[in-house]
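Next come the chains, spelled out residue by residue.
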Amino acid sequence: MSYHPRYFSVQKKTHSCNPKNKTYHDQSEQKDGLSPSEAGKRAHRLRNDQGHNTSSTFGMRMDTLLSHAGLKTGKGRNHGTKDQGDAINVPLHSMNEPLCPPLHLETTYTRPPSGDYFNPQDGGNGWIYSRIGNPTRKLLEDCMSQLEINTHGTKVMEGNIMGTTTCAKNDEDWSKDDDDDDDDDDATSGITCAFSSGMAAVAAVLLALPQRLHVLLPNDIYHGVPTQLKTMFVQRNLTYSTIDMTNIDNVQDEIRQFMEKYKDDETAVHDNRPHLLVWMESPSNPQCKVVDIKATCGHVSKYREENDPMKYGITTVVDSTWAPPPITQPLLLGADVVLHSGTKYLGGHSDVLLGIVTVSPFTVQGKALKSSIRAIQTTLGATASPFDCWLTLRGLRTLHLRIERQSKTAMQLASYLASHELVDRVHYPGLGAHPQHHVASRQMQGGCYGGMLSFEMKSEAMAMAVAGAVSTIQRATSLGGTETLIEHRASIEPEDGRVSPKGLLRVSVGLEDFQDLKEDLRQAIHIAQKVMEVNPLQEDK
């Protein structure tokens, strides 16, 4: 390895103590002609020239990316603007970057004398109006784009990325692409949009697709999704059906029936073609069913290749709220779109209302949705607030630690409940008895199966009694926070759209000590048993 002489040339200068700026150099360095300050600057430039900057998207492992969420210190960037240049071109005295992502609350920005705006969301270097683009929101969106497709240290990048015919690059290749410009929404970074809630994110995906849309839903799903379809999208002639999506044969049958239905449709031209949206939720809410994302997307990709894309359209979406990026990366498994309710694990402290949509940079359909998703975000205006984005960035910096602890405790609680004689059934993908445990073990990373579980008592009354008797565990909806929550789901779901068994209790495991949670559940079940002795237990039919 050779080194350029400019980094090591000896400068014969006299150095002395400068009382004004408190800069000191010892005698040996005066003799060698290299001050500590100059040594640091030269080492920094040499690091950059030799490509030893590990802060690129694909040069860091997931835990490191999360720990640095929202920071732009690696290349001397300032608030993510493109005109700052790389660190080697920025005066070193101006590189005092904050180690906390900046919070930009402003709604408007001064207009240049030329009258031309250059929005960073579109590759420019200025800002216009906060609904169109906000520096704090862009930090979060860029961070999520990186997390969803980061491959360093993961096991999902064996061979080709599902849904593409291009072999996966190695980490060096990805890093080179990212070094070119890690602020662009290019072929290797995809695009993420942050919305004002998870349901706003769901609506954005639906609005981005053609009106002749049929949505294929799993039979166990967060009830808000079918409710939105029934109440808000009925006027768009949207239709939907539900199946057991854990059985891949069911998915294949539905796709075949969809194509058979429209094969002779002469009105199916590009702007009016029927479209099938395969909506996956894994693990599902609340019964923790696991869909084989790779297999499902593989079958969709096969049908795309075998049929006329001008007549049919198929899009795959994964709601991965219960399995954030440290556990599952659906885009690397072939999905076109991944969605999160950032309110849950991404924020992680029960103080954020936010939704995330990231489209794939690998699949044709993912690339096609880029501009539509962005346009819906900025035109309809359901954008995430800067403060919620800032709080989510803060939450991301501990996500890997939280989800690891929550997964570990959830596994312990699931095992305890599975052995309890009064508990009828336990749903948790980490248990060997779970019907899709083998899929979860392959699909979910790091030995983590998530912090969500549910269990069933023999009756609705018994379940409500257990929920009423807890003390450390709190009775509340939502999930993903530091506190453990329990909820009787059937009683909160609409009567015409219930998906939960009547005796089911959903548990979002927090960061408390396992023994405290175990004792709380043990005592709650004991109290519920005493309550039910007054009125003999009857199973719900």
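What counts, and at which threshold
Residues numbered from 1 in each chain as written. Predicted model: local features only at pLDDT ≥ 70, side-chain atom pairs only at ≥ 80, totals over all residues. Heavy atoms only, no water. Helix = DSSP H or I, 4+ residues; strand = E, 2+ residues; numbered from the N terminus. Buried < 20%, exposed > 50% of the residue type's maximum accessible area, 1.4 Å probe, protein only. Contact = heavy atoms within 4.5 Å. Areas by Shrake-Rupley, 256 points an atom, 1.4 Å probe, with all protein chains shown as cover. Phe/Tyr/Trp six-rings, centres within 6.5 Å; stacked < 30°, edge-to-face > 60°. pLDDT = per-residue confidence, 0-100. Expected span 1.5 Å × (residues − 1). Polar contact = N/O pair within 3.5 Å; in protein donor to acceptor, adjacent residues only side chain to side chain. Patch = residues over 30% accessible without salt bridge, like charges linked within 9 Å, V, L, I, M, F, W, Y side chains within 5 Å. Salt bridge = Lys/Arg side-chain N within 4 Å of Asp/Glu carboxyl O. Axes fitted to C-alpha atoms, helices over the stretch in contact; angles between N-to-C directions. Parallel < 35°, antiparallel > 145°, perpendicular 65-115°, else oblique. Left-handed = near helix turned anticlockwise from the far one by under 90°. Nonpolar A, V, L, I, M, F, W, Y, C, P; charged D, E, K, R; others polar.

Peer 1: Please explain the overall build of the protein chain as it appears in this structure.
Peer 2: Helix and strand counts for the protein chain come out as 15 helices and twelve strands. Counting every position in the protein chain, which comprises 541 residues, the buried fraction comes to 53%. A fraction of 72% describes how many contacts in the protein chain between residues 6 or more apart in sequence connect residues 24 or more apart. Carbon together with sulfur atoms contributes 51% to the accessible area of the protein chain, which is approximately 24200 Å² in total.

Peer 1: Mind showing me how you'd approach the packing of aromatic side chains here?
Peer 2: The relative placement of two aromatic rings is captured by the distance of their centres and the angle of their planes. Per the counting criterion, the structure on display carries three aromatic pairs. Aromatic pair Y109 and W127: ring centres 6.4 Å apart, planes at 35 degrees, arrangement tilted. Of this pair, Y109 sits in the loop between α3 (62-67) and α4 (135-149) while W127 is found in the loop between α3 and α4, placing the two residues 18 residues apart along the sequence. Note on W127: relative accessible area 11%, which makes it buried. Geometrically, the ring pair formed by F387 and W390 is stacked, given 6.1 Å between the ring centres and 10 degrees between the ring planes. With F387 and W390 both in helix α11 (residues 386-396), this residue pair falls three residues apart, about one helical turn.

Peer 1: Would you take a moment to explain the confidence of the model for the protein chain for this structure?
Peer 2: Within the protein chain, residue pLDDT values average 83, and 77% of them lie at 70 or more. With pLDDT under 50 throughout, residues 19-29 is counted as low confidence; its partners more than four residues away or in other chains account for twelve contacts. The model gives residues 156-160 a pLDDT under 50, and that stretch makes eleven contacts with residues more than four places away or in other chains.

Peer 1: I keep staring at α4 and nothing clicks. Help me out?
Peer 2: One full turn of an α-helix is made of 3.6 residues, so residues set three or four places apart face in the same direction. The terminal C-alpha atoms of α4, which comprises 15 residues, lie 22 Å apart, in line with the 21 Å expected from a rise of 1.5 Å per residue. In terms of residue burial, α4 counts as a mostly covered element, since 15 of its 15 residues are buried. The backbone nitrogen of T136 has a side-chain oxygen 2.9 Å away, supplied by the residue at the start of α4, namely N134.

Peer 1: In this structure, what is going on with a nonpolar patch on the surface? I would like to understand it.
Peer 2: Together, L103, L105 and F387 give the surface a local cluster of nonpolar side chains, amounting to about 280 Å² of exposed area. With respect to the helices, strands and loops of the structure, L105 is situated in the loop between α3 and α4.

Peer 1: Which parts of the structure should I look at to understand the packing of helix α6 (residues 198-207) against helix α7 (residues 224-232)?
Peer 2: Each packed pair of helices is defined by two parameters, the angle between the axes and the distance between the axes. Between α6 and α7, the least distance of the axes is 11 Å, while the angle of their chain directions is 50 degrees. Judged on the interaxial angle alone, α7 and α6 are oblique. Considering how the two elements wind past one another, α6 and α7 form a crossing that is right-handed. Of the residues in α7, those in contact with M199, V202, A203 and L206 of α6 are G224, V225, Q228 and L229. Among the residues making up the contact of α6 with α7, the classes are represented as six nonpolar, two polar and no charged.

Peer 1: Mind showing me how you'd approach unusual backbone geometry here?
Peer 2: Where the residue is not glycine, phi is negative for most of them; where a peptide bond is considered, it is trans in most cases. Cis geometry is found at the peptide bond from S282 to P283, where omega equals -10 degrees. Relative to the helices and strands, P283 resides in the loop between β4 (275-281) and α9 (293-306). Cis geometry is found at the peptide bond from N285 to P286, where omega equals 15 degrees. Inspection of the secondary structure puts P286 in the loop between β4 and α9. A positive phi angle, near 55 degrees, is found at C288, a position not held by glycine.

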